[in-house]
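Close look at the chain arrangement
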Amino acid sequence: ARPIAPTGPSSYKVGTMTEKFDCHYCRDNLQGKKYVQKDGHHCCLKCFDKFCANTCVDCRKPIGADSKVTAALACGGREGPQLSAPCRAPAVGLPMASPAGDQNVEYKKTVWHKDCFTCSNCKQVIGTGSFFPKGEDFYCVTCHETKFAKHCVKCNKAITSGGITYQDQPWHAECFVCVTCSKKLAGQRFTAVEDQYYCVDCYKNFVAKKCAGCKNPITGFGKGSSVVAYEGQSWHDYCFHCKKCSMNLANKRFVFHEEQVYCPDCAKKL
């Protein structure tokens with residue numbers, strides 16, 4: 001019976017036979033000849049290609065014993081690119097180092113001739129270069145960026161690493177910065193004003209309204225996050241109290257007289 005060729009990659013050794021051994025398949029003498037040792041058997045190169053060699057998934061031709069298979073890693077061990085907010089940008093597939101010689105590519109127990117491992121979109125050879133897997137397809141970096149990568153709303157360049165999302169819009173982390181001091185805002189508290197983004201310090205110093213009571217900035221952060229606004233003026237809720245008796249008047253009736261706030265009882269005594 002004819003031996004069945006393996007369907008996936010498997011290891012083997014290639015060398016020159018110094019002892020008296022015959023080929024496992026054709027029974028030719030191997031002494032002094034190049035041979036392959038695989039699964040505990042010795043065979044000549046011709047029989048290896050015929051019965052044992054890995055088959056290129058693209059051209060269906062055998063991958064010779066002299067070829068060096070390069071194991072490819074894609075997306076850090078995850079299938080397909082992923083994004084989140086803040087996101088991990090899709091990692092590029094990278095070939096691992098292999099010995100010199102004809103190279104072929106192995107990915108997830110499937111093997112290609114190097115020149116058969118091509119981009120599913122532009123059909124250019126990826127070979128042992130960087131790539132992105134997506135479903136059953138593989139894409140070179142350029143085609144993946146064109147077809148799938150999100151583009152930063154600020155610089156309009158593809159996001160390949162360090163991306164974040166704010167209000168359903170993608171940004172490079174280095175592009176999402178305070179408009180005043182350029183501090184990166186990813187993972188930090190910030191305030192948006194008319195499509196401009198400010199860190200807490202710059203918002204306090206340059207943008208925030210000042211409380212009519214304590215004269216400090218109203219930031220909306222922490223204590224005093226609630227604001228009382230009246231007649232073009234603003235107060236921290238804890239600063240909005242009667243000028244005379246100091247009763248807090250936030251969410252209560254009050255009287256505004258000569259730029260001052262009074263409770264109704266105190267206002268009657270003015």
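Notes on the structure follow. Numbers given for residues are sequential positions, taken from 1 along each chain in its written order. pLDDT decides what is reported in this predicted model: residues at 70 or higher carry local features, side-chain atom pairs at 80 or more are listed and counted, and totals for whole chains, interfaces and linings draw on all residues regardless. Hydrogens and water molecules were not included; the side-chain quantities draw on all heavy atoms of the structure.

The next subject is the overall build of the protein. For the purposes of this entry, the term helix denotes a DSSP run of H or I that reaches at least four residues, the term strand denotes a run of E that reaches at least two, and both are numbered from the N terminus. Along the protein, the regular secondary structure elements total four helices and 17 strands. Think of it in three bands: with a 1.4 Å probe and only protein chains considered, a residue is buried below 20% of the maximum accessible area for its type, exposed above 50%, and partly exposed in between. Within the protein, the fraction of its 270 residues that count as buried is 33%. In the protein, of all internal contacts separated by at least 6 residues, the share reaching a separation of at least 24 is 34%. Just so you have it, the protein exposes about 16,500 Å², and 47% of that area is on carbon and sulfur atoms. Note on contacts: a residue pair qualifies if any of its non-hydrogen atoms lie within 4.5 Å across the two residues. All accessible-area figures derive from a Shrake-Rupley calculation using a 1.4 Å probe, and residue coverage is judged against the displayed protein chains alone.

On to the sheet that holds strand β3 (residues 41–44), then. Whether parallel or antiparallel, the strands of a sheet pair through hydrogen bonds between backbone atoms. The criterion for strand pairing is that DSSP finds at least two bridges linking the strands in question. If you walk across this open sheet you meet the three strands as β1-β2-β3, and the pairing is antiparallel. Every interior strand has two partners, whereas the edge strands, β1 (13–16) and β3, have only one. Within the sheet, the average angular offset between the axes of one strand and its neighbour, ignoring direction, is 35°. Across four bridges, the pairing between strand β2 (residues 34–38) and β3 is antiparallel. By the bridge assignment for β3, lysine 38 is matched with histidine 41. Fitted lines through C-alpha atoms serve as axes, helices being fitted only where they are in contact, and the angles separating the N-to-C directions of these axes extend from 0 to 180 degrees. Packing against the sheet, helix α1 (residues 45–52) makes contact with β2 and β3, and its axis sits at approximately 110° to β3.

Let's shift gears to the environment of tyrosine 262. Here tyrosine 262 shows up in strand β17 (residues 260–262). On the basis of relative accessibility, which here comes to 11%, the residue tyrosine 262 falls in the buried class. Note: C-alpha distance between tyrosine 262 and histidine 241 (21 residues apart in sequence) is 7.2 Å. Contact partners of tyrosine 262, with chain neighbours within four places excluded, come to Cys242, Lys243, Lys244, Leu249, Phe254, Val255, His257, Ala267 and Leu270.

Right, let's get into unusual backbone geometry. With a phi close to 65°, aspartate 168 is a non-glycine residue in the positive phi region. Following the sequence through the fold, aspartate 168 ends up in the loop between β10 (163–166) and β11 (169–172). Overall, aspartate 168 belongs to the exposed group, its relative accessible area being 75%. Its identity as a non-glycine residue notwithstanding, aspartate 195 has a phi of 65°, on the positive side.

This part takes up the nonpolar core. With 15 residues, the main nonpolar core has Trp112, Phe117, Cys119, Ile126, Phe131 and Phe138 as its most contacted residues. The set of elements that each furnish at least two residues to this core consists of β6 (103–107), β7 (110–113) and β9 (137–139). For isoleucine 126, the residues in contact, after removing those within four places along its chain, are Phe117, Thr118, Cys119, Phe131, Phe138, Tyr139 and Cys140. One finds Cys239, Cys242, Val261 and Tyr262 within the second-largest nonpolar core, a separate group that totals 14 residues. Here the nonpolar core consists of buried residues drawn from Ala, Val, Leu, Ile, Met, Phe, Trp, Tyr and Cys, with membership extended through side-chain atoms lying within 4.5 Å.

On to the state of the cysteines. Two cysteine sulfurs form what is called a disulfide whenever their separation falls within 2.5 Å. Inspection of the entire model under this criterion finds zero disulfides. Free of any disulfide, cysteine 214 has its nearest cysteine sulfur in cysteine 239, 3.8 Å distant. Residue classification places cysteine 214 among the partly exposed residues on the basis of a relative accessible area of 29%. Take cysteine 245: it sits in no disulfide, and the sulfur closest to it among the cysteines is that of cysteine 242, at 3.6 Å.

Each Phe, Tyr or Trp ring, with Trp reduced to its six-membered ring, pairs with another whose centre is within 6.5 Å; inter-plane angles below 30 degrees give stacked pairs, above 60 give edge-to-face pairs, and intermediate values give tilted ones. Counted according to the given criterion, the structure contains 21 aromatic pairs. Both rings, one in phenylalanine 176 and one in tyrosine 197, keep their centres 5.1 Å apart while their planes meet at 50°; by these two values the pair is tilted. Separated by 21 residues along the polypeptide, phenylalanine 176 in the loop between β11 and β12 (190–193) and tyrosine 197 in strand β13 (residues 196–199) bring together distant segments of the chain. Of the two residues, phenylalanine 176 and tyrosine 197, neither departs from the other in class, the shared state being buried. Seen from their ring centres, tryptophan 235 and phenylalanine 240 are 5.0 Å apart, and the 65° between their planes marks the pair as edge-to-face. Comparing tryptophan 235 with phenylalanine 240, the two get one shared label, buried.

Any carboxyl oxygen of Asp or Glu that lies within 4 Å of a side-chain nitrogen of Lys or Arg is treated as forming a salt bridge with it. Counting across every chain of the model gives one salt bridge. Lysine 38 is the partner of aspartate 39 in a salt bridge, and the nearest nitrogen-oxygen pair spans 2.9 Å.

This part takes up the environment of isoleucine 159. Inspection of the secondary structure assignment puts isoleucine 159 in the loop between α2 (141–147) and β10. Taking the C-alpha atoms as reference points, isoleucine 159 and alanine 173, 14 residues apart in sequence, are found 9.4 Å from one another.

This paragraph deals with the pairing of β12. Pairing of β12 with β13, which is carried by four bridges, proceeds in the antiparallel orientation. Considered in β13, the bridge of valine 193 is made with glutamine 196. Counting the residues that bridge the hairpin from β12 to β13 gives two residues, and of these glutamate 194 lies at a positive phi of roughly 50°.

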